[in-house]
Amino acid sequence: MSNEQITVELVQQEDYRFDIHFGGTVPHLIGDEPAPLGSGKGPSPVQLLCAAVGNCLSDSLLFALRKFKQSPEPLRATVVAQVGRNPEGRLRVLRMDATLRLGVPAAQLEHLDRVLGQFESYCTVTQSVGQGIPIVLKVLDANNAVLK
């Protein structure tokens, strides 16, 4: 995927609600701000950012484990964005906390320490977003043991 261009088109439907087109056969979705600006008919831009970070981290972890022929499914990710005011008083995403949960106990996975030490660095979205927003990552296994 080096030197690739990704294009997403947004078309305003009404007020802050946009129809988001990804191209090809990818289904479109509706993005909208919550009230009082919008009507909350779809995910907000901050929710989409959280989804992108969580999805990319999950994909990177899954890819790294599958390289060693490991099956961690089903994976779950939770991403919490802390939104607040910057020194100029403008709303910003100040921090993100991401938690990934493996679907199996850590003892069932081989090479887990190696995977946990490197998978995050391959996550395109998280590494890019993390240059401007601190992202704190935690990885748990199916027994809620903290692995990272």
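Here the structure is shown first, and the text comes after it.
Overview of the structure. Not measured: the values here are computed from a predicted model. Throughout this document, residue positions are counted from 1 along each chain, in the order its sequence is written. Local features in this predicted model are restricted to residues whose pLDDT is 70 or higher, and side-chain atom pairs enter the listing and the counts only when it is 80 or higher, whereas totals over whole chains, interfaces and linings include all residues. As a rule here, side-chain values cover all heavy atoms of the structure and leave hydrogens and water aside.

1. Regarding the overall build of the protein
Runs of E in the DSSP output that reach at least two residues are strands. Runs of H or I that reach at least four are helices, and both are numbered from the N terminus. Scanning the protein from terminus to terminus reveals three helices and six strands. Its helices and strands in sequence order give the protein the pattern β-β-β-α-β-β-α-α-β, from N to C terminus. Counting the 148 residues in the protein, one finds 30% classified as buried. Counting only carbon and sulfur atoms, one obtains 52% of the accessible surface of the protein, whose full area is about 9,800 Å². Across the protein, the 14 positively charged side chains and the 15 negatively charged ones have centroids separated by 6 Å. Three labels apply to residues, based on accessible area from a 1.4 Å probe with only protein chains included: buried if under 20% of the type maximum, exposed if over 50%, partly exposed otherwise in between. Accessible surface area values rest on a Shrake-Rupley calculation with a 1.4 Å probe, where residue burial reflects the displayed protein chains alone. When charges are counted, neither His nor the chain ends are considered; positive counts come from Lys and Arg and negative counts from Asp and Glu. Throughout, a charge is located at the NZ atom of Lys, the CZ atom of Arg, the CG atom of Asp or the CD atom of Glu.

2. A word on the environment of Cys-50
Mapped onto the elements, Cys-50 comes out in helix H1 (residues 45-67). In this structure Cys-50 comes out as buried when scored by relative accessible area, which is 12%. On a C-alpha basis, the gap between Cys-50 and His-21 in space is 19 Å, while along the polypeptide they are 29 residues apart. Residues count as neighbours in contact if any of their non-hydrogen atoms are within 4.5 Å of one another. Setting aside anything within four residues of it in sequence, one finds Cys-50 in contact with Val-79, Ala-81 and Met-96.

3. Structural notes on the pattern of salt bridges
Each reported salt bridge corresponds to a side-chain nitrogen of Lys or Arg within 4 Å of a carboxyl oxygen of Asp or Glu. Under the criterion given, the structure shown has four salt bridges. Where Lys-148 meets Glu-120, a salt bridge forms, and the shortest distance between an N and an O atom there is 3.6 Å. Taken as a pair, Lys-148 in the segment after strand E6 (135-140) and Glu-120 in the loop between helix H2 (112-118) and helix H3 (124-129) lie far apart in primary sequence, 28 residues in all.

4. Looking at the side chain of Asp-19
Secondary-structure assignment places Asp-19 in strand E2 (residues 17-21). Among buried Asp, Glu, Lys and Arg side chains, Asp-19 stands out as unpaired, with Arg-17 the closest opposite charge at 8.8 Å. Within polar-contact distance, the side chain of Asp-19 engages the side chain of His-21 at 3.0 Å. When near neighbours in sequence (up to four residues on either side) are disregarded, Asp-19 contacts Glu-9, Leu-10, Val-11, Gln-13, His-28, Leu-29 and Ile-30. Here a polar contact is recorded for every N or O atom pair within 3.5 Å, except that within protein the pair must consist of a potential hydrogen donor and a potential acceptor, and residues adjacent in sequence are included only if both atoms are side-chain atoms.

5. Focus: the pairing of E2
Regular strands have side chains that alternate between both faces of the sheet. Think of it this way: DSSP has to see at least two bridges between two strands before they count as a pair. Direction of pairing for strand E1 (residues 9-14) relative to E2: antiparallel, over a ladder of five bridges. Looking at the pairing, Leu-10 lines up with Ile-20 of E2.

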